[in-house]
Amino acid sequence: MRPKTPRTLRRAALALATAAALLTPAVTALPSANAIPPDDLPPVGVDTGRFKLPIACTINFAGALPVLWLPLDVDIQGVAPVQLGPGQEFWLTQGAGSITFPDWLTSLAPILGIDKADATISDMSIGATNSTPNAVNIAKDPISIKDIPIVAGKPLKVGLPAAGQQPFDVGPYTAPQSGKVTLGFNSAFAKVDLKSSWGFSLPITADCKPRGGNALLTIAVGGAAGQPPAKIQGAPLNFAEPKSGELAGIINAPYKCVWNGQTYDAGIAVGADGIPLTVSKSGSFSFTNASGALTVPKATVNKLLDQGVKTVSGTVTALNLDVEGGTPQKLNVIPSSGVAIPKTALTRDRELVVPLPQDGTLTAGPFTPAAGASSVQVSLGDASATLSFDGGAATQAACGKPAPSVYLVDNPVT
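Rules and cut-offs
- Residues numbered from 1 in each chain as written.
- Predicted model: local features only at pLDDT ≥ 70, side-chain atom pairs only at ≥ 80, totals over all residues.
- Heavy atoms only, no water.
- Helix = DSSP H or I, 4+ residues; strand = E, 2+ residues; numbered from the N terminus.
- Buried < 20%, exposed > 50% of the residue type's maximum accessible area, 1.4 Å probe, protein only.
- Contact = heavy atoms within 4.5 Å.
- Pairing = 2+ DSSP bridges.
- Phe/Tyr/Trp six-rings, centres within 6.5 Å; stacked < 30°, edge-to-face > 60°.
- Lys NZ or Arg CZ within 6 Å of the ring centre and 35° of its normal.
- Disulfide = S-S within 2.5 Å.
- Core = buried A, V, L, I, M, F, W, Y, C linked by side-chain atoms within 4.5 Å.
- Polar contact = N/O pair within 3.5 Å; in protein donor to acceptor, adjacent residues only side chain to side chain.
- Salt bridge = Lys/Arg side-chain N within 4 Å of Asp/Glu carboxyl O.

Q: Please clarify how the environment of Asp-147 should be interpreted in this entry.
A: Its location among the elements puts Asp-147 in strand β8 (residues 143-149). For Asp-147, a relative accessible area of 38% corresponds to the partly exposed category. As for Asp-147 and Asp-193, which are separated by 46 residues in sequence, their C-alpha atoms are 9.6 Å apart. When residues no more than four places from it in sequence are discounted, the contact partners of Asp-147 are Lys-116, Ala-117, Asp-118 and Lys-195.

Q: Quick question: what am I supposed to make of the pairing of strand β3 (residues 68-81) here?
A: Consecutive side chains of a regular strand alternate in pointing toward one face of the sheet and then the other. For β3, the tally of buried residues reaches 11 of 14 residues, placing the bulk of the element in the interior. Relative to β3, strand β2 (residues 46-61) runs antiparallel, the two sharing 14 bridges. Looking across to β3, one finds that Asp-47 is bridged to Ala-80. With 6 bridges connecting them, β3 and strand β5 (residues 89-101) associate as antiparallel partners. What sits directly across from Val-79, in β5, is Thr-93.

Q: Teacher, can you tell me more about the packing of aromatic side chains here?
A: For any pair of aromatic rings, the description rests on two quantities: the centre-to-centre distance and the angle between the ring planes. The tally for this structure, following the rule as stated, stands at 5 aromatic pairs. Note on Phe-90 and Tyr-173: the rings are 5.3 Å apart at their centroids and 25 degrees apart in plane angle, and the pair reads as stacked. Remark: Tyr-173 occurs in strand β10 (residues 168-174) and Phe-90 occurs in strand β5; sequence separation between them is 83 residues. Take Phe-90: its relative accessible area is 0%, and that puts it in the buried class. Each ring, one from Phe-287 and one from Phe-367, has its centre 5.7 Å from the other, and the planes form 50 degrees; the classification is tilted. On the criterion of sequence distance, the pair formed by Phe-287 in strand β16 (residues 285-296) and Phe-367 in strand β22 (residues 362-369) is long-range, its members being 80 residues apart. The same class applies to Phe-287 as to Phe-367, namely buried. Pairwise contacts between aromatic rings join Phe-285, Phe-287 and Phe-367 into one cluster. Above the plane of the ring of Tyr-407 lies Lys-180, whose end atom (NZ or CZ) is 5.6 Å from the centre. Its guanidinium or amino end placed over the ring of Trp-91, Lys-231 lies 4.7 Å from that ring's centre, counting from NZ or CZ.

Q: How do you make sense of the state of the cysteines when you look at a structure like this?
A: Disulfides are covalent bonds that link the sulfur atoms of two cysteine residues. The full count for this structure, using the stated rule, is 2 disulfides. Between the sulfur atoms of Cys-57 and its disulfide partner Cys-208 the distance amounts to 2.0 Å. Because the sign of the S-S torsion sets the handedness, a value of about 105 degrees for the bond joining Cys-57 and Cys-208 places this disulfide among the right-handed ones. One end of the pair, Cys-57, is in strand β2; the other, Cys-208, is in strand β12 (residues 201-210), and 151 residues separate them in sequence. Take Cys-57: its relative accessible area is 0%, and that puts it in the buried class.

Q: Would you explain the nonpolar core in this entry?
A: As a rule of thumb, soluble globular proteins bury nonpolar side chains together. Judged by nonpolar contacts, the single largest core of 107 residues is most densely connected at Phe-90, Ile-99, Phe-101, Met-124, Leu-183, Leu-194 and Val-378. One finds Ala-235, Leu-237, Ala-248 and Ala-269 within the second-largest nonpolar core, a separate group that totals 13 residues.

Q: I'm lost on the side chain of Arg-50 in this one. Help?
A: Assignment of secondary structure puts Arg-50 in strand β2. The class for Arg-50 is buried, based on a relative accessible area of 15%. A distance of 2.9 Å separates a polar side-chain atom of Arg-50 from the backbone oxygen of Phe-239. Sequence-distant contacts of Arg-50, defined by excluding residues within four places in its chain, comprise Asp-75, Ile-76, Gln-77, Phe-239, Ala-240, Glu-241, Pro-242, Glu-246, Leu-247 and Ala-248.

Q: What am I meant to see in the pattern of salt bridges here?
A: Working definition: two side chains of opposite charge can pair if their charged atoms are close together. Inspection of every chain in the model, using the stated rule, returns 13 salt bridges. Between Asp-306 and Arg-348 there is a salt bridge, and its shortest N-O distance comes to 2.9 Å. Of this pair, Asp-306 sits in helix α4 (residues 298-306) while Arg-348 sits in the loop between β20 (339-345) and β21 (352-356), and the two are 42 residues apart along the sequence. It is possible to trace a salt-bridge network through shared partners that takes in Arg-50, Lys-52, Asp-75, Lys-157 and Glu-241.

Q: I tried to follow unusual backbone geometry on my own but got confused; where do I start?
A: Phi is mostly negative for residues that are not glycine, and the peptide bonds are mostly trans. With omega at -5 degrees, the peptide bond leading from Leu-160 into Pro-161 counts as cis. Turning to its location among the elements, Pro-161 is positioned in the loop between β9 (156-160) and β10. Cis peptide bonds are those with omega within 30 degrees of zero, and the linkage from Ala-403 to Pro-404 qualifies with -5 degrees. A positive phi angle is found at Asn-130, which is not glycine, with a value near 65 degrees. One can find Asn-130 in the loop between β6 (114-128) and β7 (135-137).

This is the structure we're talking about:
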């Protein structure tokens, strides 16, 4: 979400991708420039994100002191495919997480001489609805973290993986034959020993469950069976810590764009932070501080060059978001005047990344739950543009809705 200049542009896919950048729904450009930087853009077909979920933990001190119910947060990040095939094996990769205990707990430090903590996590379970198995515990073999520094009056964060360890690959899961899969936080159990320099130890256990919405992301299932395992590695994860109950993420969705009867591949990326994880029955939510990017694969660039196309320009006329369980049911994020595609040259064997918008960020919504809806699902829809190649007459280009669907959010109604 920072400005960058594009390299070169391509053609039908390009137009509709420009629209797609606006895809993080909005029609409102905000004053400061924050496009997705190419270094943070995941490959086409990949979803990267960071989520801060409200949880509730049953706290027990020293195995004997009164049990407390404590609202906390769990911070989780990872990488997943944006679509799944029937029966496809998949993982949530590059996983990391943490539970943060409140500052009043560490305020005991000066009184008791506490300056360090040891933590053992024996449960950190990530669920995947409709999948086999329906949950995986990444701490099945308990994970110990020694000598966590404690600063009096500062929150205590217990995180996985420990320093020097590799991120977690959560899985494998096997997708169902149809429908969708929702990844979410299921449970966590941690034992924390607060230690003093003179040998005193205060053990605390935390048995944690989700409160409110616990969904991380939803993935649609469809297309051809027999697809290879989806275990993605090396995707960038450079998200700041979200606020409680919010997520930050980037989705790079595969699109097929048709012009003059021929089909071209492209990727339309949408990134935003501050996205709420739930919506109340009487409330609404919007996407803010959003931006996008168009990815034009080398093969598409070369295909256009082979047809004699050297430059492309035009206007994006539509990029629709589809909404289930809420209103509006369809939202075109492109203003009536369209979004101009500047004349851009193509370069052989070079993938093209075009930040959208070039300057500023976007916002979209509000989306309001429909009466009786259990969730509000926003997915990427179709896009269209008028294109001119090498300065010639404008022609129509169309990009169909991704199939299976690519969900931006699937927010439970609370």
